[in-house]
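These are the residues of each chain, in order.
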Amino acid sequence: MGTCCSVKSSPSKGDLNEAELRAHEDIKDQLITAEKQDNRIKKLLLLGSGSSGKSTIFRQLKCVYDEGFSEAELCDILPALRLNCVAGILTLLRKSEQLYQLDEKEHSECYIDL
């Protein structure tokens, strides 16, 4: 009775035999190594709504700091890249057309007939 809240103490080094001491030191070394490796890792939590670019950041980091994209990833990404390029060009053309309509004389070089 009364052992449910007691704290079990670990045995002292004098209570361990040679094999247990070696195992204890090995585990201790592994824990120290793991802690050092974990301290080198930088962790970042990105929060944001959908389509805010969270995944894009990781793709860019992978491309810059890793070996790049695999062939399968490139095949998956290529249509989205093309769509984004075309959408960006259309946006620029529409804005150019709006500038021309605001002041035809000042922005005559912005004439676009979409």
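Residues numbered from 1 in each chain as written. Predicted model: local features only at pLDDT ≥ 70, side-chain atom pairs only at ≥ 80, totals over all residues. Heavy atoms only, no water.

Moving on, we come to the overall build of the protein. In terms of regular secondary structure, the protein is built from 3 helices and 0 strands. Each helix (α) and strand (β) of the protein, taken in turn from the N terminus, gives the series α-α-α. For the protein, the residues scored as buried account for 5% of the 114 residues in total. Here the protein has roughly 10600 Å² of accessible surface; of this, 58% comes from carbon and sulfur atoms. (Helix = DSSP H or I, 4+ residues; strand = E, 2+ residues; numbered from the N terminus. Buried < 20%, exposed > 50% of the residue type's maximum accessible area, 1.4 Å probe, protein only. Areas by Shrake-Rupley, 256 points an atom, 1.4 Å probe, with all protein chains shown as cover.)

This brings us to the pattern of salt bridges. Tallied over the entire structure, the rule returns 2 salt bridges. Note that arginine 22 is salt-bridged to glutamate 18, the shortest N-O span being 3.3 Å. Of this pair, arginine 22 and glutamate 18 are both found in helix H1 (residues 18-40), 4 residues apart, which corresponds to roughly one turn of the helix. With a relative accessible area of 58%, glutamate 18 lands in the exposed category. A salt bridge links aspartate 38 to lysine 43; the nearest nitrogen and oxygen atoms lie 3.6 Å apart. Residue class for aspartate 38 comes out partly exposed when judged on its relative accessible area of 39%. (Salt bridge = Lys/Arg side-chain N within 4 Å of Asp/Glu carboxyl O.)

With that settled, the discussion passes to the packing of aromatic side chains. Taken as a whole and assessed by the stated rule, the structure comprises 1 aromatic pair. Ring geometry for tyrosine 100 and tyrosine 111: centres 4.9 Å apart, planes at 70°, overall edge-to-face. Pair noted here: tyrosine 100 is in helix H3 (residues 71-102) and tyrosine 111 is in the segment after H3, with a separation of 11 residues, a long-range link. Its relative accessible area of 48% is what places tyrosine 111 among the partly exposed residues. (Phe/Tyr/Trp six-rings, centres within 6.5 Å; stacked < 30°, edge-to-face > 60°.)

This brings us to the environment of glutamate 109. Following the sequence through the fold, glutamate 109 ends up in the segment after H3. Sequence separation between glutamate 109 and glutamate 97 is 12 residues; the distance between their C-alpha atoms is 10.0 Å.

Inspection of the secondary structure assignment puts serine 96 in helix H3. Other than its neighbours up to four places away in sequence, serine 96 contacts Cys110 and Ile112. (Contact = heavy atoms within 4.5 Å.)

So, about H1. Turn by turn, an α-helix covers 3.6 residues, leaving residues three or four places apart pointing in a common direction. An ideal rise of 1.5 Å per residue puts 33 Å on 23 residues; H1 measures up with 33 Å between its terminal C-alpha atoms. Its side-chain oxygen placed 3.1 Å from the backbone nitrogen of alanine 19, asparagine 17 serves as the N-cap of H1. (Expected span 1.5 Å × (residues − 1). Polar contact = N/O pair within 3.5 Å; in protein donor to acceptor, adjacent residues only side chain to side chain.)

The backbone of serine 51 sits at a positive phi, close to 65°, despite the residue not being glycine. By the secondary structure assignment, serine 51 is in the loop between H1 and helix H2 (54-65).

Inspection of the secondary structure assignment puts histidine 107 in the segment after H3. Judged by its relative accessible area of 19%, histidine 107 falls in the buried class. Sequence-distant contacts of histidine 107, that is, excluding residues within four places in its chain, are made with Leu99 and Tyr100.

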